[in-house]
Structure formats: C-alpha cells, structure tokens
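Survey of secondary and tertiary structure
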Amino acid sequence: MRSVLPFVLMPALCAAAGLTAQQSASQDDARAQMDKAIADYRSGDLNHARRELSDFLASHPQDVRAAVLLGYADIKLQRDAEAYEAVAPLEKGNENNLDLEYVLGYAMIRTGKTDEGVQRMEMVARARGAADAWMVAGTMRFERSQFHEAQADAEEAIKINPNYPGAQTLKGKCLYASGNRYAAVEAFEAALRREPNDFDANLYLGILYSEKGDHVSARPLLELALTLRPGWPLARLELAKVYKSEGNNAGAIQLLESLAKSDPEWVEPHIILSTIYSIMNRPEDGKRERAIVQQLEDKQPGP
C-alpha cells in the first residue's frame, strides 16, 4: 500500500485574543509537538513520530488529524491492531473523513474484519478516485475468491491509472481463475509490457502458454519467474512440465525431485516422475514413484 499522507497538515493558528498567557503557551507547545511529529513522519522516522503522536493524543484524545497520522505510521510499521485502535473510536461523526476511513478500512482488512474493511476501502476509492484504494480492496477480494468483484476493482484502478503497478496482473489472475484464458493472456502481456520482472505475470502467462502447447514461449517466462523467486513450488512444477514436453528429462527430474523432497505429500510431482522414469527406462524408480502415488491417493478422503 502506498502510505502517502493524503492531506496537508498545517498547524492551526492560535488567536491571541481571549487567551491567557498559560493557555497560549500550552497551545504553542501542542503545535510544536505536532510539527515535530509531522516532520519525523515525513522524514521516515516513524518510531519517533508514533511516540510523539501517542503522547499528543493522550492529552488531545479527540484530535482526528493526529489519530489518522498515527494510524498511517502504525500501518507502515505493520502495527495494524494499533492503527485500528487509533482511529476506530473517532469514526462516529467523522464518517466523511476519507483519510480516517482509509486507515480504518486498511486496519480492518489486516486484523480480520475483512468485509467491513473492504467496503470502507471501496467507498474511499470511489469518493477519491484512488487507484491504490481500489487495489487494496481488489487484492483482498481476490484472496477471498471473489474473482468478479476483484476484477471490477482492478479495472477501476486501471481506469484511473492504466500503468498502476500490479493492476493488470490482478485483472489477469481474476480472469484466469474465472476460466477466461484468452482475456487473461492479454492482461498479463499488458502487465509485462509495463514491468518485465512481474513475478505473477511471468508465472501465469507461462502457464497459459504451456497449456496451449506453446512451450517455446512458456519456458523463458517460467525460468524468469523461478529466477525472481527461487524455489517457488508452482514455478518449479510448471517449468518441469515444459522441460518434459521438450524432452529435457534431466532438467525435469531435477526440479521434480527437489519438489518431492520439499513437499513429499504433493502427489503431482510423483505422478510426472513416474512417467519420466518409464520413458528413461528406469523401471525401479518408476515403480517406487507409482507406489508413492498410490499411498498418497489412499490417504485422500473418500467422496
């Protein structure tokens, strides 16, 4: 999430008329404390900023501006529960404060209050025209297998900024999950035109090319995906399938044996290994793999 402070924090001017010297000094101290917190936040010194903001809120518990800034600092520090605690008590009466709703929505998503959080995030995205808010909501909807809704959120982000990082990839993953392979290819290709090292776009586009039998196009994409995230299980499996189809049995075996070692309960690598061993005239290895496959299938629960 781009945790950019979306509003200008200007210290309120203190009117001298009607204030005692003590009151004026107290307000000066409060302004100085907030100015220091804002400066630390903007410089990236988040730990100092959150300490100053926490101290400020202890004496000014209804200050929405300070609470929101504290929430942003906590989000950046991955202290999501504290971010929620900072802003949730102030939502009533401040429902139109989009900065508060953004922090609250994000914190809700990260602390398990997902449905409420996504609804708030989409409200902020719609009201502000914010691609980042659409992407936060869409990514969470995708994780919850709400593919149609996630795709709609990704498309809203693309309308606002066609080059927003990850938006085409999220759209492609939704289309892939929904079975619209042709449109998914177009989305992943668009993603890679913007960012050639996008891991998910390389992986999924490689899988799609492989499914079509275009192993020449699939191989470099899957190899790059595996370079970007060495050891990623699905990338290893899909690249092994391509190697097998191209006759590179040694390369396929190396990947599949490493998978079988790291995840011995995953049946698919053993199935492919048994086939390759048979092709390579290694009957004992093939027999061993078929026995493992049988054992794993016997463990599967019945219908």
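Throughout what follows, the structure given in this document is the object of discussion. (Residues numbered from 1 in each chain as written. Predicted model: local features only at pLDDT ≥ 70, side-chain atom pairs only at ≥ 80, totals over all residues. Heavy atoms only, no water.)

**As for unusual backbone geometry**
- The backbone phi angle of Gln 78 is positive, close to 60°, even though this residue is not glycine.
- Residue position: Gln 78 is located in the loop between helix 3 (64–76) and helix 4 (80–87).
- Look at Gln 78 and you get exposed, because its relative accessible area is 65%.
- With a phi angle near 60°, Asn 281 is a residue other than glycine that sits in the positive phi range. (Helix = DSSP H or I, 4+ residues; strand = E, 2+ residues; numbered from the N terminus. Buried < 20%, exposed > 50% of the residue type's maximum accessible area, 1.4 Å probe, protein only.)

**With respect to the side chain of Asn 249**
- In this fold, Asn 249 is placed in helix 14 (residues 249–262).
- Judged by its relative accessible area of 15%, Asn 249 falls in the buried class.
- With near-sequence residues (within four places) excluded, Asn 249 lies in contact with Tyr 243, Lys 244, Ile 276, Ile 279 and Met 280. (Contact = heavy atoms within 4.5 Å.)

**Overview of the environment of Ser 54**
- Structurally, the position occupied by Ser 54 is in helix 2 (residues 46–59).
- Residue class for Ser 54 comes out partly exposed when judged on its relative accessible area of 29%.

**So, helix 14**
- For helix 14, built from 14 residues, the straight-helix expectation of 20 Å at 1.5 Å per residue is met to within 8% by its first-to-last C-alpha distance of 20 Å.
- Along helix 14, the residues classified as buried are Asn 249, Gly 251, Ala 252, Ile 253, Leu 255, Leu 256, Leu 259 and Ala 260.
- On its buried face, helix 14 sits against helix 12 (215–228), helix 13 (233–246) and helix 15 (267–279). (Expected span 1.5 Å × (residues − 1).)

**Some words on helix 2**
- With 14 residues, helix 2 extends 20 Å from end C-alpha to end C-alpha; this agrees with the ideal 20 Å at 1.5 Å per step.
- Along helix 2, the residues that are buried comprise Leu 46, Ala 49, Arg 50, Glu 52, Leu 53, Phe 56 and Leu 57. Seen end-on, helix 2 carries its buried residues on one side only, within an arc spanning 165°. (Arc of directions from axis to C-beta.)

**Looking at the packing of helix 8 (residues 147–160) against helix 9 (residues 167–177)**
- In the contact formed by helix 8 and helix 9, the axes pass within 9 Å of each other and the chain directions differ by 155°. Compared by their axis directions, helix 8 and helix 9 come out roughly antiparallel. Seen from above, helix 8 lies across helix 9 with left-handed handedness. Along the contact surface, helix 8 presents Phe 147, Ala 150, Gln 151, Ala 154, Glu 155, Ala 157 and Ile 158, while helix 9 presents Ala 167, Gln 168, Leu 170, Lys 171, Cys 174, Leu 175 and Ala 177.
- For the contact of helix 8 with helix 9, the class distribution of residues is 10 nonpolar, two polar and two charged. (Axes fitted to C-alpha atoms, helices over the stretch in contact; angles between N-to-C directions. Parallel < 35°, antiparallel > 145°, perpendicular 65-115°, else oblique. Left-handed = near helix turned anticlockwise from the far one by under 90°. Nonpolar A, V, L, I, M, F, W, Y, C, P; charged D, E, K, R; others polar.)

**Considering the environment of Ile 158**
- Structurally, Ile 158 can be placed in helix 8.
- Assessed through its relative accessible area of 14%, Ile 158 is described here as buried.
- Separated by 104 residues in sequence, Ile 158 and Ser 54 have C-alpha atoms that sit 37 Å apart.
- Other than its neighbours up to four places away in sequence, Ile 158 contacts Ala 167, Gln 168 and Lys 171.

**Notes on the pattern of salt bridges**
- Scanning all chains against the criterion turns up 22 salt bridges.
- Linking Arg 282 and Asp 285 is a salt bridge whose minimum nitrogen-to-oxygen distance equals 2.8 Å. (Salt bridge = Lys/Arg side-chain N within 4 Å of Asp/Glu carboxyl O.)

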